[in-house]
Amino acid sequence: MPKHYRPPGKKKEGNAARYVTRSQALKHLQVNTKLFRKLCVYKGIFPREPKKKFRGNHHTYYHLKDVAFIRHDPILEELRAKSTYLKKVTKAKAKKNRELADALLKRQPEIKLDRLVIERYPHFVDAIRDLDDTLTLVHLFAALPATDRMKIEVKRVHNCRKLSHEWQAYIARTHKLRKVFISVKGIYYQAEVEGQKITWLTPHGLQQVLPDDDVVYDVLLTFLEFYETLLAFVNFKLYYSINVKYPPILDSKLEASAAELYALSRYFDANTRTSEQVAETQLEESELRLAQLQHQLPSNEPGALMQLVKGPADEIEEDEDTKECKKLFKNMKFFLSREVPRESLLFVIPAFGGNVSWEGEGAPFQEGDQSITHQIVDRPTQGHIYLSREYVQPQWVFDCINARIILPTEAYLVGRVPPPHLSPFVDNEEEGYVPDYAETIKRLRAAAKNEILPMPGAGVEDLDDPQNLLAEGYISRTEAIEAAERKQKMMTLEKQYHDELKMELQSTQSSSASDMNKQSSGEDMEAREESLPDMQQIANDTANMSKILMSRKKRGLYEAIKKGQERKKAHVDLLKERKEKIDKAKKGKKN
Amino acid sequence: MREGKKVSVEVSSKKNSNNEKNKKNQTKNNNNNNDNNKNNETKKKESQNLVKKTNKSGRSVQSQNEASLKSEEVEQQQLSATDSDSDYQDFSEDDVSENESLTQSEDGESESSGDEVHGTGDDMNNDNDDGPADQSDGSQSQRGVEESDSSEDEVAPRNTIGDVPLEWYKDEKHIGYDIAGKKITKKERQDKLASFLASVDDSKNWRKIYDEYNDEEVELTKEETRIIRRLLKGKAPHADYDPYADYVDWFKYEDSLHPLSNAPEPKRRFIPSKWESKKVLQYVRAIRKGLIKFDEPKEEEPRFYLLWGDDSSTAEKANRLSYIPAPKSKLPGHEESYNPSLEYIPTQEEVNSYQLMYEEDRPKFIPKRFTSFRSIPSYENAVKDSFERCMDLYLCPRVRKKRINIDPETLRPKLPSRKDLKPYPATCYLEYIGHKGAVMSISTEASGQWIASGSTDGTVRIWEVESGRCLRVWEIGESVQCVAWNPSPEHPVLAVSAGQDVIILNTGFGNEEEQKRVEELLQVENPTAPDDSDNMASIVSWLQDERLGGIRLRHFKTVTSVEWHRRGDYLSTVMPADILFSVYLIFIVFVYSFLFMVESPTFRAIVMHQLSKKLSHRIPFKLHGLPVSSVFHPTRSIFFVSTKKNIRVYDLLKQKLIKKLETGLREVSSIAIHPAGDNVIVGSREGKLCWFDMDLSSKPYRILKCHPKDITNVAFHRSYPLFASCSDDCTAYVFHGMVYSDLNQNPLIVPLEILRGHTSSNGRGVMDCKFHPRQPWLFTAGADSTIKLYCH
């Protein structure tokens, strides 16, 4: 009998034996689609692509081993038991036996996903690596309204909020945040934990729209269930690594009264602040003290949690990046005006070493504080102005973070249209198009680096430093500010000078180079044109020549790559064209 | 006095048979009556009684009426009174629900509808109520009956129609009939306007009610309105009624001799319950055993712990397939910023133009600009995006794919420089102009001095290669499909296919001796084709063509191509129009004397002819598929026939199939053989060129996709390592095709040049290409009626 002969009804081999379609898998596991989906989500099982799709292209294929993996997991039995249990509840409800139904619901068996977490992510790094979607979904649900219709419970929303704040608190305290980007879709954050870059998206803090038709909330909630568990364990591990107890014990009363949470949080916040200051003076923090602090923490203020983790975090050795991030807003005091979305700024500024306060009861310092260096304002005009501080728009903070330098604030002053906010995730050179503002930032960065070098050498600077003078009590506060301003002006002037110098240098170099190029290329062109009239055609021909000899596979690949390059180029060209038009229009206006 | 009467009424009524009760109630009634009387007295002052308005018992009224009319005898009245009373009792009970009565009596009744004791009392009340009311009424309406001393008897017969539903007379002018059968007419109704005006003028209008039954308008008194108000509030109708009066216990215990029950108190009243204790015990046991659980809030053990304690211990590998992490979502670019630089924002026209695109091509995200942080709206697709991501995570098959990040130029094969491969035809050197139609075919003479061309204008021309001079023209009359020089220099003849004919022309070249031999050859003694099979005659007939000075071979189908044997001895023609097209071998002179047998009538395609004897024969090979063209091997007696899909190679000596070359092409159009004979190139209608190495495999060694349109012809150079293809896209490709004598080395194929210059006409481009036999020159025949010579 030849090897390939298989009598009908006998065992299969090859792909048909190794893979099953989705419906086959359902039959094999004796589950319905919903349960299967749940199992897949919990276990992290996904369809795989067989080399040969034996049932056709429109089927989803699962590997038989994956299916067996689900089959042997106790979670399958647990879920079945739960569904059976829920039948009891429905029965009780149908018989109008309210008490029994309630009692049954209360005594519901709880399904724990711990085992699945460790099974899916045997190493902590694996979990960290896969955290993007987790964080995005948890942050989204933290902002969603709880609705019965969509089965989004208040409890879950609160839990999500808690988890997200815990995460943010850790990131801010350990200064792991690297990049922030405000997009139309929300705010993207990128942090670096354990060497892994984690990017997540938080929605803008507004009322979210819950679409009815094209979203199945069960799927989202199933994912969320696993993600909540995962994130909680990850948070535990992270808190453990900086010697903080997890979970932070929160006031139960606060949690219960969700409506008053906002008002109460400030009050509690004030308490934490004062006690925290005390705690700071006593350098060694005992466990008891910590517990006390935690006890007073409100759940929805990330700032409060941040204070908590403050002490121990300092001990951990930090890499270069972290050090740089930590120092960015050092010795700067920010004050958020009432209209500024606080949530993100309260997270971001401390993450880069700044001090923040806001308008409200629990704030660490008031608006009138003279030491405030920057006030973040998001309104057309500012009424009362303290001369000692700068009034900037929130975008300035984010741009500073992405550029890793303190940018000049002129462009970001109140009432002005701020310069374009650029994505920190784009490699401009690779993209082929560098926006103007990216160029200026680059130059500023270079200038800043250059300037930093001579600074420590100059002893005069130390004397001039207004902070020192202040400490000695030589001059009054206003004078100090003036001095600071003068100094800053000088610095900016210097910077400008440097910039201009550089620009000039660059331009001369580039222009000469380009001239040379132009000349040579022009000559070349002429020569060629004389010899061969149909240059374009011939160039095309020669390009096509070698393509003829490629194998089909390679040719396909080559063409695909070329197509991609062309598309990219077309995009860049379009941008350039638009840019030109805009510039022209501007010039026309000026003239 | 009235009370006394009451009692008498009670006694006389036969329906109240329950004397005991009556007796019992007597005293109670007294009390009640006292109360009621007080009420009634106040009522009396009012001009009209509410009782009138209520639906009273019609019959009693009737009888009373009757009585009053007929006589004033007391007895009769008495009788009627009893009647009325008894009747009234019946009705009053019925009417409870009917009349949401305003009267106290009926109200009282409704309160105690079930209770007989009260009922009787109420009945009396009713009677009492009636009395004074009737009196007053009587005084108004019936003067004649005034004398009657008993006010009770004079129940005002207000409406005498009896207990008849009013709706029966809704549309009539009368309201019913009196006892005598006369119509009782309705009162004149004012028209609406008048009544409205009247009502507007009348300040008391709001308290006027129309009594349908009695057909009159009634004005409520202040007292009555007060009663209505109280009733609306759900209070007792009369303000002085005390609903919480002290209870008067009728039974006096003091003077009773015996208790109600004489039984002694049972013991169980004094000892604790056994069953209760048993039940408690049961519960206690159940609780101890843990059968009963209390829903106390469980002590919450810490749910989270250090899951990744130390990584080394948990590193054991799970028995599962490798986990492929999901690809991370794409990071946002500049255009997704809330405040992108201006060049990222599409103009309005561009946004509008997106609407014209297909939905799949449309950009999913259109950049927008918000000038401040506060003006960013919430993103409406946030949940949807998340959901889609979740669905991707759960339903998208994951495959590990290596992302190649290579320079596309590295994919190009390394080719030797074209300069090293010179000479090859590169530029157009000469054009041969003269034809009026598309030049279908060209052929070079063996010496390379002349070329012949055939065109659709029906002419065959001979040109001098060097000068481009047209030497000779034959008018064939039909469009010429193919021309072919005899490769042997001794026989300078030209085979031309036009329509169904193949004409062998004497070109007139060569010396006299040769010319003589040719003329001898082109003589057909017997015009009909001599053949051993009789059906041969229908396929081909040999004729002498005097006009052109040659032989005309008339076929039964259109001939498309003519191919000479290398020695110029015989030639093959192809008739693809027929499904079973035939290839004729026409033996001109001596050589092979083998005979191909005719196998069957359907095998007409394959015939053999011997021309020295002017014979035609079929080829005895079976062709699987439609034949397209045929070629002779340049050195050996091997014959190539290309069908649409495959190339079949036959040995003419052994008369059998040697090889089948599988092209894998859709439709073969042309074939050419390398001068060494081991390599074949095949052109196809889909623009692909296949190179076969016959020693290597029956599959193509290389497939070159060069032309976007049909390849019309392919050609090898006889001495240079060159080959060419021409196509309907008006180009001809020249390749370097080096075949090494070392069998281990694969042939080297390098594309050299794309020759352009021809223009397309009727969708056809270059129809034919031929190399010069000695020089690296290429002739191309275009559908634009020119022939071009490309030189190096």
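All of these numbers come straight from a predicted model, not from anything done at the bench. (Residues numbered from 1 in each chain as written. Chains lettered and ligands numbered in written order. Predicted model: local features only at pLDDT ≥ 70, side-chain atom pairs only at ≥ 80, totals over all residues. Heavy atoms only, no water.)

**Some thoughts on the interface of chain B and chain A**
At step 1: At the junction of the two partners, chain B supplies 89 residues and chain A supplies 114 residues.
At step 2: In total, about 9,100 Å² of surface goes out of reach between chain B and chain A, with carbon and sulfur atoms giving 64% of it.
At step 3: Per-residue buried area on chain B facing chain A is highest for Trp308(B), Phe373(B) and Tyr394(B); these three make up 10% of the total on that side.
At step 4: Applying the counting criterion to the chain B and chain A interface returns seven salt bridges.
At step 5: Among the salt bridges present, the one from Asp133(A) reaches Arg389(B), with a minimum N-O distance of 2.7 Å.
At step 6: Our count for the chain B to chain A interface comes out at 29 residue pairs in polar contact (both at pLDDT 80 or more).
At step 7: Residue assignment for the side of chain B that touches chain A shows that the elements contributing at least two residues are helix 11 (348-356), helix 12 (382-395), strand 27 (702-705), strand 30 (732-738) and strand 31 (748-755) of chain B.
At step 8: Among the elements that line the side of chain B that touches chain A, the one with the most residues is helix 12 of chain B, at 12 residues.
At step 9: Of the residues assigned to the side of chain B that touches chain A, the class counts are 52 nonpolar, 14 polar and 23 charged. (Contact = heavy atoms within 4.5 Å. Buried area = accessible area lost by both parts, 1.4 Å probe. Salt bridge = Lys/Arg side-chain N within 4 Å of Asp/Glu carboxyl O. Polar contact = N/O pair within 3.5 Å; in protein donor to acceptor, adjacent residues only side chain to side chain. Helix = DSSP H or I, 4+ residues; strand = E, 2+ residues; numbered from the N terminus. Nonpolar A, V, L, I, M, F, W, Y, C, P; charged D, E, K, R; others polar.)

**Some thoughts on a positive patch on the surface**
At step 1: The grouping of Lys586(A), Lys587(A), Lys590(A) and Arg369(B) at the surface amounts to a positive patch.
At step 2: Looking at the element boundaries, Lys587(A) is found in helix 26 (residues 552-590). (Patch = residues over 30% accessible without salt bridge, like charges linked within 9 Å, V, L, I, M, F, W, Y side chains within 5 Å. Areas by Shrake-Rupley, 256 points an atom, 1.4 Å probe, with all protein chains shown as cover. Lys, Arg positive; Asp, Glu negative; His and termini not counted. Charge placed at Lys NZ, Arg CZ, Asp CG, Glu CD.)

**With respect to helix 6 (residues 98-106) of chain A**
All names here are of chain A.
At step 1: Those residues of helix 6 not exposed but buried are Ala101, Ala103 and Leu104. Buried residues along helix 6 cover an arc of 165° about the axis, so they all sit on one side. Helix 6 presents Arg98, Glu99 and Lys106 as exposed residues on the side facing more than 90 degrees away from its buried surface.
At step 2: Contacts from the buried residues of helix 6 go to helix 5 (74-94). (Buried < 20%, exposed > 50% of the residue type's maximum accessible area, 1.4 Å probe, protein only. Arc of directions from axis to C-beta.)

**With respect to the sheet that holds strand 30 of chain B**
At step 1: Here we have four strands laid out as an open sheet, ordered 28-29-30-31 (chain B), and antiparallel in their pairing. Every interior strand has two partners, whereas the edge strands, strand 28 (711-716) and strand 31 of chain B, have only one. Each adjacent strand pair in this sheet contributes to an overall mean axis angle of 20°, direction not counted.
At step 2: As paired elements, strand 28 of chain B and strand 29 (residues 722-727) of chain B share five bridges and run antiparallel to each other. Bridging from a neighbouring strand, Ala715(B) pairs with Ala724(B) of strand 29 of chain B.
At step 3: Of the strands in this sheet, strand 30 and strand 31 of chain B touch helix 25 (residues 535-548) of chain A, which is tilted by about 150° from strand 31 of chain B. (Pairing = 2+ DSSP bridges. Axes fitted to C-alpha atoms, helices over the stretch in contact; angles between N-to-C directions.)

**Re the packing of helix 11 (residues 217-241) of chain A against helix 12 of chain B**
Relative placement of two packed helices is described by the angle separating their axes and the distance separating the axes.
At step 1: Two elements in contact, helix 11 of chain A and helix 12 of chain B, have axes whose closest approach is 10 Å; the angle formed by their N-to-C orientations is 75°. On the basis of their axis angle, the class for helix 11 of chain A and helix 12 of chain B is roughly perpendicular. Listed contacts from helix 12 of chain B to Tyr217(A), Val219(A), Leu220(A), Phe223(A) and Tyr227(A) of helix 11 of chain A are Val383(B), Ser386(B), Phe387(B), Cys390(B), Met391(B), Leu393(B) and Tyr394(B).
At step 2: For the contact of helix 11 of chain A with helix 12 of chain B, the class distribution of residues is 11 nonpolar, one polar and no charged. (Parallel < 35°, antiparallel > 145°, perpendicular 65-115°, else oblique.)

**Quick look at unusual backbone geometry**
At step 1: Looking along the chain, the bond that leaves Lys422(B) and enters Pro423(B) is cis, with omega of 5°.
At step 2: Structurally, Pro423(B) can be placed in the loop between helix 12 and strand 5 (427-433).
At step 3: Although it is not a glycine, His175(A) adopts a positive phi angle of roughly 55°.
At step 4: Residue placement: His175(A) occurs in the loop between helix 10 (154-173) and strand 3 (177-182).
At step 5: Given the relative accessible area of 5%, His175(A) is considered buried.

**Concerning the sheet that holds strand 27 of chain B**
Residues and elements named next belong to chain B.
At step 1: If you walk across this open sheet you meet the four strands as 24-25-26-27, and the pairing is antiparallel. Pairing within the sheet leaves two strands with one partner each, and these edge strands are strand 24 (668-673) and strand 27. Taken pair by pair, the neighbouring strands of this sheet meet at an average axis angle of 20°, ignoring direction.
At step 2: In terms of strand pairing, strand 26 (residues 688-693) meets strand 27 through four bridges, oriented antiparallel. Bridge pairing in strand 27 links cysteine 690 to isoleucine 703.

**Quick look at the environment of Leu331(B)**
At step 1: Looking at the secondary structure, you find Leu331(B) in the loop between helix 10 (274-289) and helix 11.
At step 2: The partly exposed category is assigned to Leu331(B), whose relative accessible area is 34%.
At step 3: Apart from residues lying up to four places away in sequence, Leu331(B) is in contact with Gln190(A), Thr199(A) and Phe425(A).

**Comments concerning the confidence of the model for chain B**
Segments scoring low in pLDDT should not have their predicted coordinates read at a detailed level.
Residues and elements named next belong to chain B.
At step 1: Counting all residues, the mean pLDDT for chain B is 74, and 71% of those residues have values of 70 or more.
At step 2: At the low end of the mean pLDDT range in chain B sits helix 1 (residues 2-12), at 39; at the high end sits helix 10, at 94.
At step 3: Predicted confidence is poor over residues 1-154, with pLDDT under 50, and the contacts of this stretch with residues over four places away or in other chains come to 168 contacts.
At step 4: Here residues 578-603 is modelled with pLDDT under 50, and outside its nearest four sequence neighbours on either side it reaches 114 contacts, counting other chains as well.
At step 5: Reported confidences for the modelled complex are a pTM of 0.61 and an ipTM of 0.78. (pLDDT = per-residue confidence, 0-100.)

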